[in-house]
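Overview (structure and organization)
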Amino acid sequence: MAIKDSAAVIGLGLIGGSIAKALKKMGIKVMGLDSDEQTLAMAKSEGIETHCFNTQGMAGETAIPDIFSHTGIIFLCVPVSFISSTVKLIANHVPRGAIITDTGSVKKVIVRDVEAVLPDGVSFVGGHPMAGSERSGFGWAREDMFYGAPYILTPTPGTDAEILWTMVKLVRDLGAKPIIMSPEEHDRVVAAVSHLPQIISTTLVNAVAEVHPEGSVMDLAGGGWRDTTRIAGSNAVMWKDILISNKDEILPLISAFKEQLSVLESAIKSSDEAVIKGRFQNAKAYKK
Ligand SMILES: NC(=O)C1=CN([C@@H]2O[C@H](COP(=O)(O)OP(=O)(O)OC[C@H]3O[C@@H](n4cnc5c(N)ncnc54)[C@H](O)[C@@H]3O)[C@@H](O)[C@H]2O)C=CC1
Ligand SMILES: O=C(O)C(=O)Cc1ccc(O)cc1
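Quantities reported herein were computed from a predicted structural model and do not represent experimental measurements.

This part is about the site of ligand 1. Neighbouring residues of ligand 1: 31 residues in total, closest Ile15, Asp34, Val78, Ser105 and Gly137. In this structure, an oxygen atom belonging to ligand 1 sits 2.6 Å away from a side-chain N or O atom of Asp34. Within the side chain of Asn54, one N or O atom sits 3.2 Å away from a nitrogen atom of ligand 1. Protein coverage of the free-state accessible area of ligand 1, which is 830 Å², stands at 89%. Counting only elements with at least two residues in the shell around ligand 1, the list comes to α1 (14–25), α4 (80–90), β6 (123–129) and α9 (236–245). Of the residues belonging to the shell around ligand 1, the class tally is 13 nonpolar, 16 polar and 2 charged.

Rendered as structure tokens:
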């Protein structure tokens, strides 16, 4: 089954909804599946064929055997903790030659667990669009979400070169820039540029909330607060999955962050101008 004939997107939230809209714009027949009726109604009103489907197997789901029989590619856009169990659930019901890919924000655990349950004739390529926002749900989905954004693909030694090339072309068609790396390298890098910033933003707001519980101080905040705290509005369910799944890479970064904070704390305490200036200059030079 060719990708251009039919694609399925499981989880029609911010990311899945954006993929479904983009695929539809490309002229690909898209089937969207989600467990939430309101989400399905929104997607349907935008011309996407929808099915109620709960990958955790609750009542009311669409029967699996038939639903994917004409699907060339399946995007899994559910929370990280549901991805490998979803592959297990659907893998024996997709046509031979089909590609399953995901958008989860961690890769090592997902790719390992998926490869252990994948039947012959079905391919899995891990994916992670480095686009999105602190928002959740189909209501925020946009067909141009991925324009210009890095989109990481994480093949393994067992990944067929032709399948990977198909994914690279599809990512380009979504308007994104494909970047290929191993699942391990992915987790190491995104822990630094995505997971740690999220932890710091959330912790920053929690620290201020503790010192200023009245909240009215926000009225005085300017761009610095806005720039450093936007992602503190992120989805708790999605992030608890990410942080726990990638703890091996995140915990050393938290230690490094605490150490840097202590250096600055000590320098401020002792009015050590040279150290304070040095820390600022170091950060500015790295960011260039
Ligand atoms: N939010 C972001 O900026 C980004 C998120 N990601 C990843 O993409 C995935 C999706 O994230 P978002 O779209 O932000 O989440 P979201 O919360 O906006 O959407 C998730 C969707 O999945 C549905 N869903 C949840 N459990 C389900 C189940 N068991 N069966 C069927 N449907 C189910 C929900 O009803 C919802 O519509 C996550 O794995 C996340 O780590 C990747 C890049 C960016
Ligand atoms: O809002 C932002 O700036 C983001 O960086 C969104 C985001 C959240 C999770 C990801 O795995 C990737 C991107």
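Attention shifts here to the pattern of salt bridges. Tallied over the full model, the rule gives 10 salt bridges. Here Glu46 ties to Lys21 by a salt bridge, and the two come within 3.5 Å at their closest N and O atoms. You can see Glu46 sitting in the loop between α2 (37–45) and β3 (49–52) and its partner Lys21 sitting in helix α1, a full 25 residues away along the chain. For Lys21, a relative accessible area of 14% gives the class buried. Arg188 is paired through a salt bridge with Glu185; the nearest N and O atoms lie 3.3 Å apart.

To continue, consider the domain arrangement of the protein chain. In terms of domains, the protein chain is made up of domain 1 (7–181) and domain 2 (186–287). The distance between the C-alpha centroids of domain 1 and domain 2 comes to 31 Å. Counting from both sides, the interface comprises 16 residues of domain 1 and, opposite them, 16 residues of domain 2. Of the roughly 1300 Å² buried between domain 1 and domain 2 on both sides combined, carbon and sulfur atoms contribute 61%. Ranking the residues of domain 1 by area buried against domain 2 places Ser105, Val106 and Glu134 at the top, with a combined share of 38%.

Lining the immediate surroundings of ligand 2 are Ser105, His128, Ala131, Gly132, Ser133, Glu134, Arg230, Ile231, Met238 and Trp239. Between ligand 2 and His128 there is a distance of 2.6 Å, counted from an oxygen atom to a side-chain nitrogen or oxygen. Arg230 is positioned such that a nitrogen or oxygen atom in its side chain is 2.6 Å from an oxygen atom of ligand 2. Protein chains bury 79% of the 340 Å² of accessible surface belonging to ligand 2 in isolation. Considering only residue class, the shell around ligand 2 consists of 4 nonpolar, 4 polar and 2 charged. Shared between two domains, the shell around ligand 2 takes at least three residues from each, and those domains are domain 1 (7–181) and domain 2 (186–287).

Before going further, it helps to spend a moment on the nonpolar core. For soluble globular proteins, nonpolar side chains are generally found buried alongside one another. Counting residues in each nonpolar core, the largest one holds 32 residues, and the members touching the most others are Val9, Ile19, Leu23, Phe75, Tyr151 and Leu153. Looking at this core, the elements with two or more residues in it are β1 (7–10), α1, α2, β4 (73–76), β7 (150–154) and α6 (161–173).

How each quantity is defined
Residues numbered from 1 in each chain as written. Chains lettered and ligands numbered in written order. Predicted model: local features only at pLDDT ≥ 70, side-chain atom pairs only at ≥ 80, totals over all residues. Heavy atoms only, no water. Near = heavy atom within 4 Å. Polar contact = N/O pair within 3.5 Å; in protein donor to acceptor, adjacent residues only side chain to side chain. Areas by Shrake-Rupley, 256 points an atom, 1.4 Å probe, with all protein chains shown as cover. Helix = DSSP H or I, 4+ residues; strand = E, 2+ residues; numbered from the N terminus. Nonpolar A, V, L, I, M, F, W, Y, C, P; charged D, E, K, R; others polar. Salt bridge = Lys/Arg side-chain N within 4 Å of Asp/Glu carboxyl O. Buried < 20%, exposed > 50% of the residue type's maximum accessible area, 1.4 Å probe, protein only. Domains from an automatic or database assignment. Contact = heavy atoms within 4.5 Å. Buried area = accessible area lost by both parts, 1.4 Å probe. Core = buried A, V, L, I, M, F, W, Y, C linked by side-chain atoms within 4.5 Å.

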